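# Report on the structure
Residue strings, one per chain:
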Amino acid sequence: RLRELYLEALAELGQLYELLQQDKLASGAYQKLLSLDPCRENVCYALMQLYLRQGEHAAALARYQQLVKDLASELNVSPGEKIQALHQTILRNH
């Protein structure tokens, strides 16, 4: 239970930093969360969007590929439609 509260706090911290336009701090919070729970698609999605805003397209693509691997190995599932659509958009535009 304590671990889950910590992960939720990291997600909320990342969102707060985004609202304050502190992208690097938001990115750090999301990266920390994903290092502890790599299968959180919503956090991966937010991090990919941050990377895109910073012009780091390769980082966004790498983050997606890592998610694909993590979901396959830990849960035996594929990414959801929303994040797949973001991935396809990146591939088309960059």
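For the structure, check the block above.
Conventions and cut-offs
- Residues numbered from 1 in each chain as written.
- Predicted model: local features only at pLDDT ≥ 70, side-chain atom pairs only at ≥ 80, totals over all residues.
- Heavy atoms only, no water.
- Salt bridge = Lys/Arg side-chain N within 4 Å of Asp/Glu carboxyl O.
- Helix = DSSP H or I, 4+ residues; strand = E, 2+ residues; numbered from the N terminus.
- Buried < 20%, exposed > 50% of the residue type's maximum accessible area, 1.4 Å probe, protein only.
- Core = buried A, V, L, I, M, F, W, Y, C linked by side-chain atoms within 4.5 Å.
- Contact = heavy atoms within 4.5 Å.
- Patch = residues over 30% accessible without salt bridge, like charges linked within 9 Å, V, L, I, M, F, W, Y side chains within 5 Å.
- Areas by Shrake-Rupley, 256 points an atom, 1.4 Å probe, with all protein chains shown as cover.

## Brief notes about the pattern of salt bridges
Scanning all chains against the criterion turns up five salt bridges. Note that Arg-53 is salt-bridged to Asp-23, the shortest N-O span being 3.7 Å. Of this pair, Arg-53 sits in helix H3 (residues 41–53) while Asp-23 is found in helix H2 (residues 23–36), placing the two residues 30 residues apart along the sequence. The partner of Asp-70 in a salt bridge is Arg-63, with the nearest N and O atoms 3.8 Å apart. The exposure class assigned to Asp-70 is buried, which follows from its relative accessible area of 10%. When salt bridges that share partners are traced, they join Glu-4, Asp-37 and Arg-40 into one network.

## Points about the nonpolar core
Core analysis: the largest hydrophobic core is formed by 23 residues, its most contacted members being Tyr-30, Leu-33, Cys-44, Met-48 and Ile-83. Of all the elements in the fold, those that place two or more residues in this core are helix H1 (2–19), H2, H3, helix H4 (57–75) and helix H5 (81–93). In contact with Tyr-30, not counting residues within four places along its chain, are Ala-11, Gly-14, Gln-15, Glu-18, Val-43, Ala-46, Leu-47 and Leu-50.

## Digging into a nonpolar patch on the surface
Together, Leu-13, Leu-16, Leu-19 and Leu-20 make up a nonpolar patch on the protein surface, roughly 400 Å² of accessible area in all. Looking at the secondary structure, you find Leu-19 in helix H1. You can call Leu-19 exposed: its relative accessible area is 71%.

## Considerations on the environment of Ala-26
Along the polypeptide, Ala-26 turns up in helix H2. Taking the relative accessible area as the measure of exposure, Ala-26 reaches 0% and is therefore buried. Considered as a pair, Ala-26 and Gly-14 are 12 residues apart in the sequence and their alpha carbons are 4.1 Å apart. With near-sequence residues (within four places) excluded, Ala-26 lies in contact with Gly-14, Tyr-17, Glu-18 and Leu-50.

## Focus: the environment of Pro-38
As for its placement among the helices and strands, Pro-38 is situated in the loop between H2 and H3. The spacing of Pro-38 and Lys-69 is 31 residues in sequence and 9.7 Å in space, taken between C-alpha atoms. Aside from chain neighbours lying at most four places away, what touches Pro-38 is Arg-63, Leu-67, Asp-70 and Glu-74.

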